[in-house]
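Results of the structural survey
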Amino acid sequence: GMLSTNSLLGLINEKNLTQARNQNPLTRLPGNTMIHEYFSQCLADLSTTYHLIYFDFDHFKPFNDKFGFRNGDRMILMFADLLKQAGFSEKRFVGHVGGDDFFLGVKNGQAELLIQEMKEFAARFKKNAESLYDSDTLKNGSMTIRDRQGNAHQIPLMGVSIAILELPENTDRLCSIEDAGNMIAQLKSEAKSSTSHIV
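Just so you know, these numbers come straight off a predicted model, no measurement behind them. (Residues numbered from 1 in each chain as written. Predicted model: local features only at pLDDT ≥ 70, side-chain atom pairs only at ≥ 80, totals over all residues. Heavy atoms only, no water.)

Helix and strand counts for the chain stand at 7 helices and 6 strands. For the chain, with 199 residues in total, the buried portion stands at 40%. Intrachain contacts of the chain at a sequence separation of at least 6 include 70% that bridge at least 24 residues. Summed over all atoms, the accessible surface of the chain reaches about 11,600 Å², with 51% contributed by carbon and sulfur. (Helix = DSSP H or I, 4+ residues; strand = E, 2+ residues; numbered from the N terminus. Buried < 20%, exposed > 50% of the residue type's maximum accessible area, 1.4 Å probe, protein only. Contact = heavy atoms within 4.5 Å. Areas by Shrake-Rupley, 256 points an atom, 1.4 Å probe, with all protein chains shown as cover.)

What follows is the structure, given as structure tokens:
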């Protein structure tokens, strides 16, 4: 059928509005609705191996408290830019859960190569993040934060913990999105306490 110019412009505008509603306002990356849809597709597609990768900054709140929310936003945008460079392709999906939590979905990836890539990615982010610290903090290698009682605490510099959930091909995925989310949350907790920060 034929569409009038006004109808076509209306459809394009509606699509743009829907995309904007489903994006994180700070990074313009797909938000929770689109991440949820991607999860559903991965769980349903048994013919393909997927890796669901969750990123969570280490020591973000102390950084925000010491250096302010504007620098916190800069840190988030810096990470989002690095993730866009690593993630945008036909076989990859990048999303921003919110705050300092990000998501990467990889189709038909190899676990060993992905783990190595994530190690290099985490090191690159940690190095780039140093640009947002003052010289004294960098010199000390940690942030000095005072609690409400005035006691000083040394907090490590910013890093990122990475949880990777593998969904092998031709394997029954008898779990809900909530179950998969709980598995990733458990892996994230393990990553936070591991020496490599990748689990």
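There's plenty left to go through after this.
The subject of this paragraph is helix α3 (residues 60-67). For α3, the full list of buried residues reads Phe60, Pro62, Phe63, Asn64 and Phe67. The inward-facing, buried residues of α3 abut β1 (50-58), α4 (69-87), α6 (135-140), β4 (142-146) and β5 (152-156).

Before going further, it helps to examine helix α7 (residues 177-193). With 17 residues, α7 should cover 24 Å at 1.5 Å per step; its first-to-last C-alpha distance of 25 Å lies within 8% of that length. All of the buried residues along α7 are Ile177, Ala180, Ile184, Leu187 and Ala191. One side of α7 holds all its buried residues, which, seen down the axis, span an arc of 90°. Structural note: α7 exposes Glu178, Asn182 and Ser193 on the side pointing more than 90 degrees away from its buried face. The secondary structure elements touched by the buried residues of α7 are α2 (32-44), β1 and β6 (159-167). (Expected span 1.5 Å × (residues − 1). Arc of directions from axis to C-beta.)

Right, let's get into unusual backbone geometry. Here the phi dihedral of Arg28 falls at roughly 65°; this positive angle occurs in a residue that is not glycine. A residue is classified by how much of its surface remains accessible, and Arg28, at 54% relative accessible area, is exposed. One non-glycine residue, Asn108, lies in the positive phi region at around 60°. Turning to its location among the elements, Asn108 is positioned in the loop between β3 (101-107) and α5 (111-129). Judged by its relative accessible area of 45%, Asn108 falls in the partly exposed class.

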